[in-house]
Structure formats: C-alpha cells, structure tokens
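These are the residues of each chain, in order.
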Amino acid sequence: MSGFLAAHGYDPGPTQRPFTAGAIAGLLATPPAILLLHLLRSLAVEARILGLPVILTIVAGCVAMAVAGALYARLLGRAANDVRGGWLFGMAFGFALWAAGAVFVLPLLGNGELPAGPPATGVFLSLILWGGCLGALLPFIQRRTHLKVDEPGVAENLGPTLAARDPAKR
Amino acid sequence: MIRVVALRKAAVAGLCGAAAMEAFWFVTGKLGLPTIDLVAQLSAVQFHRWPLLGDAAGLLAHFSIGICWAMFYAFFFWGRFHLRPVLQGLIFSIAPAMLAILVVYPELALMRSQSPMVVLDLHRFFAPITPATVASLLLSHALFGVIVGLMYRRPVGYAVGNRPAPPHPRRPGRSHGKRNANATGFMFATGIECSYPTIEHGRWRRDEMAATRHYARWQDDFELALDIGITHIRYGPPLHLILKGPGSYDWGFVDEALAYLHDHGPEPIVDLCHFGVPSWLGDFQNPEIARALADYAGAFAARFPWVRFYTPVNEMYVCARMSALDGTWNEQRRDERAFAHAAFNLARASIAMTDAILAVRADAIFVNSESSEFCQACCPEPEIQRIARFENERRFLPLDLIYAHPIGDDMRAHLHDHGFADADIAGVMAHEVPARSIIGVDYYEWNERLIDSDGHARALGELFGWYVIASQYYDRYKRPMMHTETNRMDASDGPRWLWRQWHNVQLLRSAGVPLVGFTWYSLTDQVDWDIGLSKAVGNVDPVGLADLNRDIRAVGLTYRRLIEMHKDQPGYTDCPALAGLLAS
C-alpha cells in the first residue's frame, strides 16, 4: 500500500506531517458534529448505548475523531491536501465511518443496540458534517504544520548516494 | 491530487442523474409497477408533519447526494477503465446501488422509527429490502450511472475557439529580492509544462497551463521555484491564446508573469511554440506557419526586450512525429509525407523566428530543445538493422535543418521519395546559424527503444543513458549543450533518477563537452502525459518538483540540495561554457 501511494505520488514526503494535521483537523471538526448530535438527541442515545455519561461520551468522541482524522490524512496522503476536493473526500470518509461504525461497530459495543428515529438521523448527519469539515480544514492545517524546506534534517536522506539505490526499494 | 476534475461539470451530471432517478420512480409508480419513492422516504425521516416542506427537503437531499456521487466518480473512477464513458458510469453505479441496498435504505427505515433506539436484528434491519426494492434501486442507479457517464467527459482542456479564464492578477508576494544577476552561472533549471496541441481532429484544445492551474497560481509557481533555488525557468507563454490573428496579440496571458520574472527571477528561457499553433493557423502542414510565427517572435522580443534566452520551437522531432506520423495531435496524420512536411515547416518556423528575434535583440541566446532518441536493433537481420539505422537518422532531421548539417543518405533518399528535392533541402539550410545556439537534449526513460524482430519499437528503459545519447548529438553538431528535460513517472523513484541524471551531466562535462545547464521538468506535476495528451482524461502524473497543490515533493527537496551543493563550486558559479558562448 505504501509503495503504491509513493509511486503514484500520494506519499506525503519529508515535509508533511499528516498524522498531526489530520488529528488537529479531526478534533476541530468535532464540535459542530457534537452540536448536531445534541440537537437531534443522538448524543444521549449514544451515551446510553455505550453505557457512559454524556461528558465522557463527548471526550471519547473527540479522541476517536482525532484518531480518525489522523488516519484519514495518512490514508489519502497528498490527495487530502486538495482544497477543491478535500470536503468531498472528507464527507466520503465520514460516510464510510457511518456505514462501518455507526451501523455495525456501535451495536457490537452496545450489546446490539442501535440508534433509531431522529437520533439515527443525527448520527448520520453528524458524521457527514464532521467529514466535510475535516476534509475542508485539513489542507489549511497541513500548510501550517508542515516543515519548511530549509529546516535541518528535511533533506537528510536525499543525498547523492541515492543514485545507487535499488529502484525497487521505496 | 488524484485527478484534475471539472467540478461544475460533475455537479451538473450528478444533478441530472438524480433527476433522472426521480423521473424513473415517478413513471414506474404511475405505471403501477412495484417501485420505491426515495424522496418520500427521505422527507418522512424528519418532516412527516409538513409534507410539502418534507418533499422539498427530500428532493434537496437526493440532489445533493447525486452531486456528491458524481464528484466521487470524477475524482476516483472516471478514466480508470478504457471503456466508453457510458459504460464507465454504468459500472460505477454498482457502488452507490450496493450501498443503497445494504446500508442506506434499511437505515432510512430505522430513521423513520418512533423509538430512539432499537436492538439490532439482521432480519429486522433488512426487512424493507424486497426483490422489487432491489430491482428498483438497481435500475434507478444504473440510469444515474448512464447519465453521469454520458455527461461527465473531457474534464481538462476546452473546445477550440473557447478561452480559459485569464491569469490571476499579481498580488503582493513574498519578497525574493532582485533577479539573479549572475549572467554566466550554470543554469539550474526547471520548467512550467505548457503543451497546447489539439486533439479530436482539431476540435479540442489541450492546455497544460490551464490543467495544472498555472494561470491561477503562476505567482505561487515562481515563488516555489525560487524557494528551491532554481536559477532559470523554461516558460512557454500560450501561443494559441496570445496570437489571436495576423498581427493581433493578447498579451494579457503573459505580461504580469514576465514582469514578475523580470523583477525576481528565475530567468526565463522563453519557449515560443510548444506542440501547437492557434486554430486560425490550422496545423503543422500549413507552410504559412513560419511567417506567422516569425511575426509573433519579433513582436514578443520587442515587447520583452530584456528576455535573453529563447526556444523558438520546442522538440520539433516529437511535434512532427506525434502530429503527422503517430496521429495523436493537431493534424493527426499517419504518413511519411505529412511527417516530412511537418518537420520542414517546424524547422522553417524555428529559423524564421530566430531571425526575427535577432533583428530585435542581436545578443539573444537560443536553446534548441530536442528529445534525445535512440533505437537499438534487437538482432542482425538486415531489415531490422535498416529500421534502427533509419530511425537514428530521422531523429536528427529537424536539428539538421536548423543547424545546416548535411543530411544522411538514407534520410535524403526518403525525403526525395516524399516530395522534397535537394533544392528544397538546400533552401531551408541556406541561412547563417546563430553563434549563440545551445542544443537542449531532453531525456526520459522511454527515449531508448529496441527495434524488435517484427520491426516495432519497444521501450528499452535506461540502457545507455543520457551521457551516451547526448554525446551522439554533441558529436554531430559540436555546439554547447544543456540537459533540458527529465523526470520520472514513479514519484518515489524521482530523487534517485535526479541524481543519476546529474551524474551523467557531470561525466559529460568532465569529458570536455561544454554544458551550460540542467533541467528537472517540470516544476509541478503534469496532466495526461502518461497517455501522451492523446485524450482529455485528467490523470495527474506525479513528475513535478511539487504536486498540483504546490506542496514540494521529495524530488524537489533533492533538487534543492543538489543546487545548494553545487551552485558555489568552481565551474558552476561561473560556467566556462556559458561564458564562452556569451563572448562569441
């Protein structure tokens, strides 16, 4: 997978910090999603399913969304930095999280219980909103978190001896 | 960036696809066939008390979903398969159809539940899914795929006659001070990919500057080049947009960019004709292009008198071959006679443009870039040997014409067979070759070819290398040289390739060849060069020093390091070959 991403140019390269940028973007995208969950009464239902107090559910959600953001940024690599497409990639990622997580994983964590009615709508919309915000924010956060080209160590492994590297090795 | 995407085109396609689905459900419902009403289901989720508002919200939601799926298609799916667009759309529709059947439709039923929570039961979850529902969802999504496939095509380029949005105005940028004043330093160069041939028999214009968003981000591009340490930039103003008619120019596409380069650098090597001509000039079969392009070159030199370096016509051999022998661009011919005419017209244009520039700026320097080509016969059969020998002569034809170098016997006989007499050849060569001429030799991994036992050329990879092939060009013309293009399609191998090319440059210098510069081409990733610009697909080729978001790649960092390592070394800070050329 990493070889494919590198060959096709998605590899973030030495200056970018996808995990950091993704985690920050994931975290920043969480408050609007939580607000939506709250408005559609989904938050209380999720807390009940998980067996946690609401505040702990929010904390767990923030952690999970930061991790998910980091994962998104690493998975998409340079493609995630595209301002024109970022919101869409993020929404698609949010949809995938909803399809996989909210529909299949959440019931496993909560003894088969699943949100229904307006709370189910809330879970869906909040993840789409979160994904859209994540994808839209990431390109801008990436620009602020990446290393400068003249920082020491950035081009450390890019010296003339690379000419002798086995081209099959990534 | 995954693909260059036409967002507006995708949005319209998605909207129309969603509308077609609505129409399908409406018609099948009216006909009394078992069907679904997704809009009603969407609206019932939150708005069951206000049906009109609910319908509007449901429609809006469905149209939005359609737009998102069409954009997803544009980014991730379009162009993956070599199939007709309608079939691509149809295959793609399987994804949303499956998600609708397995996840979304059952979830919609849950969302309409009165209870805030249910216990998951697979039987209950999939209860809304009946054979009629499945059929209706499959058919409606297939319709969506067909509509999107039919409507979303050619995301890059534009119909001939149209014009892209003009370049963004100059903004106060990061200060890079004045342009590098060292006139005789070794040229550490890159280029802005600027090809603009037509395809589809002259109906569709490829424009790499538009596809890579250079018109919008030209200032970012120049600032990025300066950050890397680039001293010279190969820059091809869009001839097809500037030269609007005989004596009529729209300099708006180049004025501000060149003003920036004048103030801050890098120093431009201006490339006046790059694989295309304005549509009013037709194509490279038109003998009038020499006169028209000479007028343009003279006008350009008069408007920008500070420009020192020119490439009148880029890669004449490649241009003639792709246009008139391989049938890919412009005239899209596939015959030897057309090739010979294109090669002669391009050479005539180059000579006339050179003269026109010299009339304005007598000390101009010409970098005649050409693709280095080499064919190796696979076996001793005379016919295979003959083909390889002939192709190895053919590659020199345009340069022979502009450098007035005697044409080989095989090539001369071939030209006689296709309508060119000795007097025609002599007529083109009857000019004085400017003393300040540099041969630019481009090199890619596909430039070396093996003539197989069937007489077909196959890519050989880097067998002999740039050193050997560039030496053949030097031995023939004995002119100062420059490595004017190289890159690597495999982005992860870019840094290795860069150093290997550089070591070739060093070896040729040490062998006594006067070398004035090296180029990684191009500054940013390119679009559709993996298919030779033959179709408007929008594939991003990760060959640039930076990607299309203008984030630097590993090869960009490597080039920066290479430049820092060498720029102040003796022989580079003052390049004897360039100094010698300027003294001539």
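Quantities reported herein were computed from a predicted structural model and do not represent experimental measurements. (Residues numbered from 1 in each chain as written. Chains lettered and ligands numbered in written order. Predicted model: local features only at pLDDT ≥ 70, side-chain atom pairs only at ≥ 80, totals over all residues.)

With that out of the way, let us pick up the overall build of chain A. Counting its secondary structure elements, chain A contains 7 helices and 1 strand. Scanning chain A from its N terminus toward the C terminus, one meets helices and strands in the order α-α-α-α-α-α-β-α. Sequence-distant contacts in chain A: of pairs separated by 6 or more residues, those separated by 24 or more amount to 85%. (Helix = DSSP H or I, 4+ residues; strand = E, 2+ residues; numbered from the N terminus. Contact = placed C-beta atoms within 7 Å.)

Within chain B one finds 22 helices and 19 strands. Taken over the C-alpha atoms alone, chain B extends approximately 90 × 60 × 45 Å along its principal axes. Contacts in chain B between residues far apart in sequence, at least 24 positions, make up 77% of those at least 6 positions apart.

In this complex, chain A contributes 46 residues to the contact, which on the side of chain B involves 45 residues. Elements supplying a minimum of two residues to the side of chain A that touches chain B: helix H1 (2–7), helix H4 (42–50), helix H6 (83–109), strand S1 (113–115) and helix H7 (117–145) of chain A. Ranked by residues supplied to the side of chain A that touches chain B, first place goes to H6(A) with 8 residues. A per-class count over the side of chain A that touches chain B returns 26 nonpolar, 11 polar and 9 charged. Sheet topology note: the S1(A)/strand S1 (residues 117–119) of chain B ladder contains 3 bridges and is antiparallel. Looking at the pairing, Pro115(A) lines up with Met117(B) of S1(B). (Nonpolar A, V, L, I, M, F, W, Y, C, P; charged D, E, K, R; others polar. Pairing = 2+ DSSP bridges.)

Further remarks concern unusual backbone geometry. All names here are of chain B. The omega torsion of the bond from Gly265 to Pro266 falls at -5 degrees, within 30 degrees of zero and hence cis. Note that Pro266 resides in the loop between helix H11 (255–264) and strand S9 (267–271). Geometrically, the link from Tyr521 to Ser522 is a cis peptide bond, its omega value of 20 degrees lying close to zero. Mapping Ser522 onto the fold places it in the loop between strand S17 (515–520) and strand S18 (526–527). A positive phi angle, close to 55 degrees, is found at His201, a residue other than glycine.

Here the focus is the sheet that holds S17(B). Residues and elements named next belong to chain B. A barrel is described by the order of its strands in space; here 8 strands give the closed sequence S3-S6-S9-S10-S11-S13-S16-S17, paired in parallel fashion. When the angles between neighbouring strand axes are averaged without regard to direction, this sheet yields 30 degrees. Inspection of the sheet shows strand S13 (residues 437–442) paired to strand S16 (residues 481–485) by 4 bridges, in the parallel sense. Looking at the pairing, Asp442 lines up with Glu485 of S16. (Axes fitted to C-alpha atoms, helices over the stretch in contact; angles between N-to-C directions.)

Within the secondary structure, Glu445(B) sits in the loop between S13 and strand S14 (448–451). Residues in contact with Glu445(B), not counting those within four places in the same chain, are Gly461(B) and Glu462(B).

Take the sheet that holds S14(B) next. Residues and elements named next belong to chain B. Ordered in space as S12-S14-S15, the 3 strands form an open sheet in which the pairing is mixed. At either margin of the open sheet sits one strand with a lone partner, and together these are strand S12 (374–377) and strand S15 (457–459). Taking the axes of each pair of neighbouring strands and ignoring which way they run, one obtains an average angle of 35 degrees across the sheet. Pairing of S12 with S14 involves 4 bridges; the strand directions are parallel. Directly across from Cys375, in S14, lies its bridge partner Arg449. Seen against the sheet, helix H15 (residues 382–394) touches S12 and S14 and runs at an angle of roughly 170 degrees to S12.

A few words now on the domain arrangement of chain B. Per the domain assignment, the segments of chain B are domain 1 (7–151) and domain 2 (187–372 + 398–409 + 419–446 + 462–583). Taking the mean C-alpha position of each, domain 1 of chain B and domain 2 of chain B sit 49 Å from one another. (Domains from an automatic or database assignment.)

What follows deals with the pairing of S14(B). Residues and elements named next belong to chain B. Here 3 bridges tie S14 to S15, and the two strands are oriented antiparallel to one another. The residue bridging Arg449 from the neighbouring strand is Ala459, located in S15. Following S14, the chain reverses through 5 residues before pairing antiparallel with S15; Gly455 in that reversal takes a positive phi of roughly 85 degrees.

All names here are of chain B. Closest axis-to-axis distance for the helix H4 (residues 85–92)/helix H7 (residues 131–151) pair is 7 Å, and the angle between their directions is 145 degrees. At the point where H4 passes H7, the crossing takes the right-handed sense. Residue-level inspection shows Pro85, Val86, Leu87, Gln88, Gly89, Leu90 and Phe92 of H4 in contact with H7, the latter providing Ala142, Gly145, Val146, Val148, Gly149 and Leu150. (Left-handed = near helix turned anticlockwise from the far one by under 90°.)

Our next topic: the nonpolar core. Residue and element names in this part refer to chain B. Core analysis: the biggest nonpolar cluster contains 211 residues, and Ala70, Tyr73, Leu293, Ala297, Ala320, Ala343 and Leu346 have the highest contact counts within it. Per-element tally for this core: the top contributor is helix H14 (residues 336–360), with 14 residues. Residues from two domains meet in this core; each of domain 1 (7–151) and domain 2 (187–372 + 398–409 + 419–446 + 462–583) gives at least three. With 5 residues, the next largest nonpolar core counts Cys375, Ala377, Ala388 and Leu450 among its residues. (Core = buried A, V, L, I, M, F, W, Y, C linked by C-beta atoms within 7 Å. Buried ≥ 20, exposed ≤ 12 C-beta atoms within 10 Å, placed from the backbone.)

Below, the discussion takes up the environment of Leu38(B). All names here are of chain B. Within the element layout of this structure, Leu38 appears in helix H2 (residues 38–46). Here the alpha-carbon distance between Leu38 and Leu241, two residues 203 residues apart in the chain, equals 48 Å. Sequence-distant contacts of Leu38, that is, excluding residues within four places in its chain, are made with Trp25 and His62.

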